[in-house]
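Here is how the chains run, residue by residue.
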Amino acid sequence: MEEEARKLLAEGIKKKLTSPGKGDLSTFPNGTKVVFHYRTSLCEGTVLDDSRTMGGRSKPMELILGKKFKLAVWERLVITMREGEVAEFTCDTKHTALYPLVSQSLRNISVGKDPLEGQRHCCGIAQIHSHHSLGHKDLDHLQANPQPLVFTIELLEVLPPGSFQLDVWAMTDEEKLSFVPQIHEEGNKLFKEGHISEARDKYYNGIACLKNLQIKEQPGDESWLKLDQMITTLLLNYCQCLLLEGQYYEVIEHCSSLLFKYENNVKALYKRAKAHAAVWNETEARADFAKLLELDPSLGPSVAKELKTMEERIRSKQKEEKGRYKDLFNYNTPPATATTG
């Protein structure tokens, strides 16, 4: 233990044990999965990130060792720990320069955004030396003023290689392609069982997996088109979940992007029409429903039912608004008498 502490100090890392772990120290071969909670603080105590509260939920960090994670120092820290151990590591600036970018990605993930949002047009090193905003004042300040950071880590679990299913980001292209049908099936099963949010997440992961493969292909090529068809199917399922969750504007956005490419996609048109109707876009909804009938007259009964529902909602809303305005301009109320002092 003392020898390891001396090695860390020589590397610019100071370790302070808070709570000892259990069992023997793992050998941590490449491919080992480590699961841990972390809290990142400035040396004066200000907390930047906490995996127990980030995005309004408690979700531990998962790393697969040897995959060249952007913040390499985290791998160096966890391999000194036993399962269940809690320790505080103060790391020199040379280990923390990329933390603002890593934090931005983790914050994006915690609220369901693309982890690379804001990083698409600039490499990591270039961003560190630029005035590019990361969208968070504390990270912008840290990026402009690199400094030592304190990582408080609780190592929850150590899983040896081969004992767990790889996350999508850690898979090879071949593994990703073979994994999509499985995740699609899992999403369908969850949807049928009424677990809508869980099904939505499955579809989202499948879409992300396929898009990661698609960006490596030439747009319009046979392989690109094949992947795009697979993405379309999953995206329509994803939109169905969003409809049930009331995320109507997101449905409109996704379905519009699909219809831009596949203008006669009946399923995309139907979902967009329902979403338009739900947010009172009567003109747009009627236009989509009309085109649906042109493309597939057999949908007549379904379209008629949706139009009837929309019209009833509109009448109800108009009646409610009429009553509200009637009360507002009720002239039977005696007028106020002006007085002078």
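Since the model is a prediction, treat every value here as computed from it, not as a measurement.

Reading guide: rules and limits
- Residues numbered from 1 in each chain as written.
- Predicted model: local features only at pLDDT ≥ 70, side-chain atom pairs only at ≥ 80, totals over all residues.
- Heavy atoms only, no water.
- Helix = DSSP H or I, 4+ residues; strand = E, 2+ residues; numbered from the N terminus.
- Buried < 20%, exposed > 50% of the residue type's maximum accessible area, 1.4 Å probe, protein only.
- Areas by Shrake-Rupley, 256 points an atom, 1.4 Å probe, with all protein chains shown as cover.
- Expected span 1.5 Å × (residues − 1).
- Axes fitted to C-alpha atoms, helices over the stretch in contact; angles between N-to-C directions.
- Parallel < 35°, antiparallel > 145°, perpendicular 65-115°, else oblique.
- Left-handed = near helix turned anticlockwise from the far one by under 90°.
- Contact = heavy atoms within 4.5 Å.
- Nonpolar A, V, L, I, M, F, W, Y, C, P; charged D, E, K, R; others polar.
- Core = buried A, V, L, I, M, F, W, Y, C linked by side-chain atoms within 4.5 Å.
- Pairing = 2+ DSSP bridges.
- Polar contact = N/O pair within 3.5 Å; in protein donor to acceptor, adjacent residues only side chain to side chain.
- Salt bridge = Lys/Arg side-chain N within 4 Å of Asp/Glu carboxyl O.
- pLDDT = per-residue confidence, 0-100.

Novice: When you look at the overall build of the protein chain in this model, what are you seeing that I'm missing?
Specialist: When you go through the protein chain residue by residue, the secondary structure sums to 13 helices and six strands. Buried residues in the protein chain amount to 36% of all 341 residues. On the protein chain, roughly 20,200 Å² of surface is accessible, and the fraction owed to carbon and sulfur atoms is 54%.

Novice: What exactly am I supposed to notice about helix α9 (residues 222-244) here?
Specialist: One turn of an α-helix holds 3.6 residues; hence residues three or four places apart share an orientation. With 23 residues, α9 ought to run about 33 Å at 1.5 Å a step, and its terminal C-alpha atoms sit 34 Å apart, in line with that. Trailing α9 by a residue or two, glycine 246 shows a phi angle of about 80°, which is positive.

Novice: Sorry, what's going on with the packing of helix α4 (residues 99-110) against helix α6 (residues 137-144) here?
Specialist: Angle between the axes and distance between the axes are the two parameters that describe a pair of packed helices. Contact geometry for α4 and α6: axes closest at 9 Å, N-to-C directions at 160°. The orientation of α4 relative to α6 falls into the category roughly antiparallel. Here α4 runs over α6; the crossing is left-handed. On α6, the residues that touch Tyr99, Pro100, Ser103, Gln104 and Arg107 of α4 are Asp138, Leu139, Leu142 and Gln143. Taken together, the residues of the contact of α4 with α6 sort by class into four nonpolar, three polar and two charged.

Novice: I'm lost on the nonpolar core in this one. Help?
Specialist: Residues Val251 and Phe289 are the most contacted members of the largest nonpolar core, which totals 38 residues. Elements that contribute at least two residues to this core include exactly α7 (173-192), α8 (196-214), α9, α10 (248-261), α11 (266-278), α12 (282-295) and α13 (300-328). For this core, the element with the most residues is α9, which contributes ten residues. Those residues in contact with phenylalanine 289 that lie beyond four places of it in its chain are Tyr270, Ala273, Lys274, Val303, Glu306 and Leu307.

Novice: Explanation requested: the pairing of strand β6 (residues 149-159) in the structure shown.
Specialist: Put simply, side chains in a regular strand alternate between the two faces of the sheet. With eight of eleven residues buried, β6 is to be regarded as a mostly interior element. Across ten bridges, the pairing between strand β2 (residues 33-42) and β6 is antiparallel. When the sheet's bridge partners are listed, threonine 40 is paired in β6 with phenylalanine 151. Pairing analysis gives six bridges linking strand β5 (residues 86-91) to β6, with the strands arranged antiparallel. Looking at the pairing, valine 86 lines up with glutamate 154 of β6.

Novice: Would you explain the side chain of histidine 37 in this entry?
Specialist: With respect to the helices and strands, histidine 37 occurs in strand β2. Here the side chain of histidine 37 touches serine 51 through a polar contact of 2.7 Å, side chain to side chain. Contact partners of histidine 37, with chain neighbours within four places excluded, come to Ser51, Arg52, Ser58, Lys59, Pro60, Thr152, Ile153, Glu154 and Leu156.

Novice: Is there a simple way to explain the environment of glutamate 198 in this structure?
Specialist: Locating glutamate 198 in the fold gives a position in helix α8. Using a relative accessible area of 40% as the deciding quantity, one classes glutamate 198 as partly exposed. Along the backbone, glutamate 198 and cysteine 241 are 43 residues apart, and their C-alpha atoms lie at a distance of 9.5 Å.

Novice: Help me understand the pattern of salt bridges, please; the structure alone is not making it clear to me.
Specialist: A pair can form between side chains of opposite charge whenever their charged atoms are brought close. Applying the stated criterion to the full structure yields 18 salt bridges. Glutamate 62 is the salt-bridge partner of lysine 33, the closest N and O atoms lying 3.0 Å from each other. With lysine 33 in strand β2 and glutamate 62 in strand β4 (residues 61-64), this residue pair connects regions lying 29 residues apart in the sequence. Among the residues examined, glutamate 62 registers a relative accessible area of 28% and is labelled partly exposed. Taken together, the salt bridges that share partners define one network made up of Glu4, Glu11 and Arg76.

Novice: Could you clarify how one ought to interpret the pairing of strand β3 (residues 47-50) in this entry?
Specialist: With three bridges joining them, β2 and β3 adopt antiparallel strand pairing. Paired with serine 41 across the bridge in β3 is valine 47. Between β2 and β3, which pair antiparallel in sequence order, lie four residues; one of them, glycine 45, sits at a positive phi of approximately 110°.

Novice: Please clarify how the confidence of the model for the protein chain should be interpreted in this entry.
Specialist: Chain-level statistics for the protein chain give a pLDDT mean of 87 and a share of 87% at 70 or above. Ranking the elements of the protein chain by mean pLDDT puts helix α5 (residues 124-128) last with 40 and β5 first with 98. Within the model, pLDDT remains below 50 along residues 337-341, and this stretch shows zero contacts once partners closer than five positions in the same chain are excluded.

Novice: Explain the packing of α10 against α11 here, please?
Specialist: Where α10 meets α11, the closest approach of the two axes is 9 Å, and the angle between their N-to-C directions is 150°. Of the two possible hands of crossing, α10 and α11 adopt the one that is left-handed. Of α11, the residues touching α10 (which contributes Tyr248, Val251, Ile252, Cys255, Ser256, Leu258 and Leu259) are Ala268, Leu269, Lys271, Arg272, Ala275, His276 and Ala278. Within the contact of α10 with α11, the residues separate by chemical class into ten nonpolar, two polar and two charged.

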